[in-house]
Amino acid sequence: MEKRRTTLRARLTLVYGGLFFAAGIVLLGVTYVLFAQQLDRGGDLSVHTDSADNASSPQSTPSDGLNWVDDEQKRLHDAATTSLITQGGLALTLVGGVAAGFGWLIAGRVLAPLHRVTDTARRIASAPAADRGLHERIALDGRDDEVKDLADSFDLMVERLDRSFDGQRRFVANASHELHTPLTVGRALVELAMHRKTASPDVKRLGEDLLEINDRHERLISGLLLLAGSENHLPDQQNLDLADVVTHVTAQRAPEADKAGITVHEEAGPAPTTGDALLLERIVQNLVENGIRHNTGDGGWVRVTSRTLEDGRAEIEVGNTGPEVPPYELPTLFEPFRRLGTERLVTAKGAGLGLSIVRSVALAHGGDVTARPRPGGGLTVTVTLPPESRHPPQG
């Protein structure tokens, strides 16, 4: 059960009201004491005066006069005390309520800039991607006080973050061009040399090795660029069924699996979700590739499953046979350039970016990814994505 919280505005109002009532009660008590003392002094004077008058009257005795004066004094004292406490308490309650109301209004007016800061921060935090919403500024006007200092500091922080993300976007765009161009040119030159009529068998073998190295570098660069850009704005979100993605990817990877002696089992159940189709395809593709490449060889298998959970979320689960995975190694598998053990080199099995890209893309879609070792060896990776949206956001 969620605990109800008391707002700062309510606490300030309670403090204002409590202090006002405390001061009013003290003031009422002091007034009562002074008033009682004044009545007692006035009563003593009346006793002396009345006693003298009654003594000169032949029809009354001194005791009768004193009793009458005492009764009148007591009645006057009780009436004045009751009037002071009752009417004073009523006035204190009324004025205290009005003061609490004004305190509520004043607290709201004072805290309005803080609400503005909070609303702006919430809109930036709830943006669909990390770099969306950073163009917003509070731009608080008014007195130069602590609240304005907070708003200005927040604007400065957001401005620096905006510049940082803008520089990252420019870097990704420039790197995509600058890194792919020489690799494309190198591939073309190698293929041209290999297909010459005068090319010797040694040149052709060397060309095949160079093309394989070039292909590894292309995969590495593509993975790095995708990893750098997957947490940014998703350009094209649409409703799709992950079952279609699973079917497409498993058919696409069937030749690689057959060549490695791996059997791929497909269990494509309905799993509707919303997101970027190419990035979601990359999730399944990376998981299937990892399952095939990090396996036991002949006789091994990979099982790809898509389903819809009870709460409507879509789930993809990819399990495979393979070497045993220590549980303490699981967190490091999602880091870039990390694979099981201490190996950190680009090899024929990949650059160690597969699971990093899977996690990055899943988080960009508002999902999550977990991994657990299988008994007897291998790994089971589960990706959970939000349910299908009726109105998918467009880029």
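One structure accompanies this document, and this report is about it. Keep in mind the model is a prediction, meaning the values are calculated, not measured.

Next up on the list: the sheet that holds strand β6 (residues 368-373). Strands belonging to one sheet form pairs held by backbone hydrogen bonds; the direction of such a pair is parallel or antiparallel. Judged by pairing direction, the sheet is mixed, and its five strands sit side by side in the order β2-β4-β5-β7-β6 without closing on themselves. The strands lining the two open edges of the sheet, one partner per strand, are β2 (263-268) and β6. The average undirected angle you get between the axes of adjacent strands in this sheet is 10 degrees. When β2 meets strand β4 (residues 301-308), the two strands line up parallel, connected through six bridges. Across the sheet, the residue bridging to Val264 is Val302, located in β4. In the packing of helix α5 (residues 242-252) onto the sheet, the strands contacted are β2, β4, β5 (314-320) and β7 (379-385), and the crossing angle to β2 comes to about 165 degrees. With respect to the sheet, helix α7 (residues 277-293) is in contact with β4, β5 and β7, its orientation differing from that of β7 by roughly 175 degrees.

The next point concerns the nonpolar core. Ranked by size, the top nonpolar core spans 36 residues in total, and within it Leu242, Ile283, Val284, Leu287, Leu379, Val381 and Val383 carry the most contacts. When contributions to this core are tallied by element, the ones reaching two or more residues are α5, α7, β4, β5, α8 (330-333), α9 (354-364), β6 and β7. For this core, the element with the most residues is α7, which contributes seven residues. Counting residues in hydrophobic clusters, the runner-up holds 10 residues, among them Leu134, Ile138, Val147 and Ala151.

Before going further, it helps to spend a moment on α9. Of all 11 residues making up α9, nine are buried, and the element is well covered by its neighbours. When α9 is considered as a whole, its buried residues turn out to be Gly354, Leu355, Ser356, Ile357, Val358, Ser360, Val361, Ala362 and Ala364. Remark: Gly366 follows α9 within two positions and exhibits a positive phi of approximately 80 degrees.

Moving on to the packing of α5 against α7. In contact at an axis separation of 9 Å, α5 and α7 are set at 45 degrees when each is read in the N-to-C sense. Relative to α7, the element α5 is oriented oblique. Regarding α5 and α7, the two cross each other, and that crossing is right-handed. Between α5 and α7, the contacting residues are Leu242, Val245, Val246, His248, Val249 and Gln252 on the first element and Leu280, Glu281, Val284, Gln285 and Val288 on the second.

Next up on the list: the pairing of β4. Direction of pairing for β4 relative to β5: antiparallel, over a ladder of seven bridges. Paired with Thr308 across the bridge in β5 is Ala314. Turn length for the β4-β5 hairpin, with the two strands adjacent in sequence and antiparallel, is five residues, and the turn residue Gly312 shows positive phi of about 95 degrees.

Here the focus is the packing of aromatic side chains. Taken as a whole and judged by the stated rule, the model has one aromatic pair. Directly above the aromatic system of Trp301 lies the positively charged group of Arg303, at a separation of 4.7 Å from the ring centroid.

For the rest of this paragraph, the subject is a nonpolar patch on the surface. A cluster of nonpolar side chains, contributed by Phe20, Phe21, Leu94, Val95, Val98, Phe102, Trp104, Leu105, Ile106 and Val110, occupies part of the molecular surface with about 940 Å² of accessible area. For the nonpolar patch, the secondary-structure elements that each account for two or more residues are α1 (8-55) and α2 (62-125). With eight residues, α2 is the single largest residue contributor to the nonpolar patch. Relative to the helices and strands, Phe102 resides in helix α2.

This paragraph deals with α5. Taken residue by residue, α5 has Leu242, Ala243, Val245, Val246, Val249 and Thr250 as its buried positions. Down the axis of α5, the buried side of the element spans an arc of 155 degrees, and every buried residue falls inside it. Opposite the buried face of α5, at more than 90 degrees from it, the exposed residues are Asp244 and Ala251.

Reading guide: rules and limits
Residues numbered from 1 in each chain as written. Predicted model: local features only at pLDDT ≥ 70, side-chain atom pairs only at ≥ 80, totals over all residues. Heavy atoms only, no water. Pairing = 2+ DSSP bridges. Helix = DSSP H or I, 4+ residues; strand = E, 2+ residues; numbered from the N terminus. Axes fitted to C-alpha atoms, helices over the stretch in contact; angles between N-to-C directions. Contact = heavy atoms within 4.5 Å. Core = buried A, V, L, I, M, F, W, Y, C linked by side-chain atoms within 4.5 Å. Buried < 20%, exposed > 50% of the residue type's maximum accessible area, 1.4 Å probe, protein only. Parallel < 35°, antiparallel > 145°, perpendicular 65-115°, else oblique. Left-handed = near helix turned anticlockwise from the far one by under 90°. Phe/Tyr/Trp six-rings, centres within 6.5 Å; stacked < 30°, edge-to-face > 60°. Lys NZ or Arg CZ within 6 Å of the ring centre and 35° of its normal. Patch = residues over 30% accessible without salt bridge, like charges linked within 9 Å, V, L, I, M, F, W, Y side chains within 5 Å. Areas by Shrake-Rupley, 256 points an atom, 1.4 Å probe, with all protein chains shown as cover. Salt bridge = Lys/Arg side-chain N within 4 Å of Asp/Glu carboxyl O. Arc of directions from axis to C-beta.

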